[in-house]
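Understanding the architecture of this molecule
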Amino acid sequence: MKIEDVDVRDIARHYGTPVYVYSLKTLRAAIAEIKTLAPVVRYAMKAESNRVILQEMKKQGIHIDAVSVLEVQRALRAGFDASEVCFTSDVFFHASDAEYCIENNVYTNCGTLGMLREYGETLKRLGKGSNKVSIRINPGEGSGHSKKTNTGGPYSKHGIWHQSLDEARAIAKEYGLIINGVHIHIGSGGDMEHLKRLTGKLVEFAKQFDDVEVINFGGGLPYQYREGQPEADVSAYKPILEERLAILEKHFGRKIRCEIEPGRRFVAGCGYLLGEVRALNHTLDENGKRLDYVLGNIGFCHLLRPMAYGSYHAIQFVGDKMGPEQDVIVAGPVCESGDVLTQENEEPVPRKLPLPNPGDIMVVGGAGAYGFVMSSNYNTQPLLPEVVVDGSKCILARRRQTPRRHPERRRRSVKSRSSKSLFWNMF
Ligand SMILES: *Cc1c(COP(=O)(O)O)cnc(C)c1O
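Residues numbered from 1 in each chain as written. Predicted model: local features only at pLDDT ≥ 70, side-chain atom pairs only at ≥ 80, totals over all residues. Heavy atoms only, no water.

Of note, Asp65 is situated in strand S5 (residues 63–66). In this structure Asp65 is buried but unpaired, with Arg42 as the nearest side chain of opposite charge at 5.7 Å. Reaching out from Asp65, the side chain makes a polar contact with the side chain of Thr88 at a distance of 2.9 Å. Setting aside residues up to four positions removed in sequence, Asp65 forms contacts with Arg42, Tyr43, Ala44, Met45, Glu71, Cys86, Thr88 and Glu261. (Helix = DSSP H or I, 4+ residues; strand = E, 2+ residues; numbered from the N terminus. Buried < 20%, exposed > 50% of the residue type's maximum accessible area, 1.4 Å probe, protein only. Lys, Arg positive; Asp, Glu negative; His and termini not counted. Salt bridge = Lys/Arg side-chain N within 4 Å of Asp/Glu carboxyl O. Polar contact = N/O pair within 3.5 Å; in protein donor to acceptor, adjacent residues only side chain to side chain. Contact = heavy atoms within 4.5 Å.)

Set out below in structure tokens:
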């Protein structure tokens, strides 16, 4: 199996496993598709934020939605201008976030009334900076691939409740803030029907803010993880956004900027997680039926989605002498029974795959979004390297974390307190 022109076995040999690999060609195709949907398209960089991917977004004219100040800084470091970044902190500002955004001219989207007030207070204290802000509204309903990723409605902590917009206006007035942006983001991996319908609601909310210049419909474009199923068609989103925008522009009699900010749909498909099959095992169930386990070196510390959401990811084995297809459960090395790649509703679900041998390569697909970025050091496993493939070329976007200090950092870190930490590289 190849990713663009590079054999996965060569990547595994050269970089070791597990390793995250991204196809630039697939990424570019996704960008081309999404870019046409709205006049301003942001990338919700929390989905996957290695330098090479961010730089490709920048090259293609995509802007950024960041959910932490460190994400903002990572975007600036990758070459974005502050004017291209919007900061949507979830539900509160950490210590000096508001100050950082005001001082660095980063447009800020406030997701609670408290945040709006804190922005106002910080602006007053600093005595300078932009008084234009956006607010994130909870429209009263949401949609996601899992309850955990639904970010609208009464059971979501996100956004200013749609019946409290008077209070938002009062706070803005008190501090001399101009609410020139309105925003919703109703969830991740939901369905197009919800997305389309809620655009109408946002337009109605927007009409209540006389200074509106920007309307942001959020992310949430779905991605089809299952092989052989048609990809969700997002092209119908564009005319709907245009229609909504026309209503708003007519209402105010001026141009309004229309934005969207998907994450998943940009990167899910371009990413793979390569691992190695290390062992086989089996059990017998209550009825004496044999369950075959394929044990690889990919655990939930590397890819959390199956364990966190029961998410499906395509799996392929690459080897010379694989057996015929049969039901197998694919599991990882972490000390917990939940460490299973093929699971649903917290139960292992066998999948028909050719039986591999130890030493064969395993390739997990659809791993580009919420893959590397949700990985952890659980079981003292190092964070994985990230390789971007461009034709026949491999670019190392991130080195594997190592328990030794990196030689380049050695001299500096002797003095710094961080030299005591086991792992050295965060960005
Ligand atoms: C996560 C997030 C997104 C992106 O969601 P996707 O489902 O990946 O498109 C967009 N906006 C905000 C504010 C987010 O937190």
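Now that the structure has been shown, the text picks up again.
You can see Glu249 is positioned in helix H9 (residues 237–252). Classification of Glu249 by relative accessible area gives buried; the value is 17%. Residues in contact with Glu249, not counting those within four places in the same chain, are Arg254, Lys255 and Ile256.

With that out of the way, let us pick up the domain arrangement of the chain. Domain boundaries assigned for the chain yield domain 1 (90–261) and domain 2 (269–398). Between the C-alpha centres of domain 1 and domain 2 the distance comes to 36 Å. Taken residue by residue, the interface counts nine residues in domain 1 and 12 residues in domain 2. Carbon and sulfur atoms supply 51% of the area buried between domain 1 and domain 2, which totals about 900 Å² over both sides. Three residues, Tyr225, Arg226 and Glu227, lead the burial of domain 1 against domain 2; their summed loss comes to 57% of the area buried on that side. For the pair domain 1 and domain 2, the interface holds one salt bridge. With a shortest N-O distance of 4.0 Å, Arg226 and Glu344 are connected by a salt bridge. At the surface where domain 1 touches domain 2, the tally comes to one residue pair in polar contact (both at pLDDT 80 or more). Residue composition of the side of domain 1 that touches domain 2, by class: two nonpolar, four polar and three charged. (Domains from an automatic or database assignment. Buried area = accessible area lost by both parts, 1.4 Å probe. Nonpolar A, V, L, I, M, F, W, Y, C, P; charged D, E, K, R; others polar.)

Our focus in this paragraph is the site of the ligand. The ligand sits among 16 residues. The nearest are Lys46, Ser188, Glu261, Arg264 and Tyr370. Within the side chain of Glu261, a nitrogen or oxygen atom sits 2.7 Å from a nitrogen atom of the ligand. Backbone polar atom of Arg264 to an oxygen atom of the ligand: 2.7 Å apart, as the coordinates give it. A total of 380 Å² of accessible area belongs to the ligand in isolation, and the protein chains cover 96% of it. Of the residues in the shell around the ligand, the class split is four nonpolar, seven polar and five charged. (Near = heavy atom within 4 Å. Areas by Shrake-Rupley, 256 points an atom, 1.4 Å probe, with all protein chains shown as cover.)

Time to look at unusual backbone geometry. Look at the link from Thr17 to Pro18: it is a cis peptide, with omega at -5°. Its identity as a non-glycine residue notwithstanding, Glu346 has a phi of 65°, on the positive side. Its place among the elements puts Glu346 in the loop between strand S17 (343–344) and strand S18 (347–348).

If you check UniProt for "domain: Orn/DAP/Arg decarboxylase 2 N-terminal" (unreviewed entry), the listed places come out as residues 34–268 in our numbering. Between the end C-alpha atoms of residues 34–268 the distance is 13 Å, and the span holds 37% helix and 16% strand. (UniProt positions renumbered as here; feature names shortened; annotations may be inferred.)

One broad trend across soluble globular proteins is that nonpolar side chains are buried collectively. By size, the foremost hydrophobic cluster in this structure holds 99 residues, and its most contacted members are Tyr43, Met57, Ile135, Ile215 and Val267. Counting residues per element, this core draws most heavily on helix H8 (residues 192–206), which supplies seven residues. No fewer than three residues from each of domain 1 (90–261) and domain 2 (269–398) sit in this core. Ranked by size, the runner-up nonpolar core spans 14 residues in total, among them Val21, Val318, Val363 and Val387. (Core = buried A, V, L, I, M, F, W, Y, C linked by side-chain atoms within 4.5 Å.)

At a minimum axis distance of 10 Å, the contact between H8 and H9 shows a crossing angle of 10°. Considering the angle they form, H8 stands roughly parallel to H9. Residues Met192, Leu195, Lys196, Arg197, Thr199, Gly200, Val203 and Ala206 of H8 pack against Tyr237, Ile240, Leu241, Arg244, Ile247, Leu248 and Phe252 of H9. Across the contact of H8 with H9, the residue classes break down as 10 nonpolar, two polar and three charged. (Axes fitted to C-alpha atoms, helices over the stretch in contact; angles between N-to-C directions. Parallel < 35°, antiparallel > 145°, perpendicular 65-115°, else oblique.)

Moving on to H9. When the terminal C-alpha atoms of H9 are compared, their 23 Å separation across 16 residues agrees well with the 22 Å that a helix rising 1.5 Å per residue should span. Those residues of H9 that are buried are in contact with H8, strand S11 (214–216) and strand S12 (257–260). Positioned one or two residues after H9, Gly253 has a phi angle of 65°, which is positive. (Expected span 1.5 Å × (residues − 1).)

What follows deals with the UniProt feature "modified residue: N6-(pyridoxal phosphate)lysine" (unreviewed entry) in the chain. Sequence positions flagged by UniProt for "modified residue: N6-(pyridoxal phosphate)lysine" (unreviewed entry) are, in local numbering, Lys46. Within the secondary structure, Lys46 is located in the loop between strand S4 (40–44) and helix H3 (51–59). The exposure class of Lys46 is partly exposed, given its relative accessible area of 34%. For Lys46, the residues in contact, after removing those within four places along its chain, are Val67, Glu71, Tyr370 and Val373.

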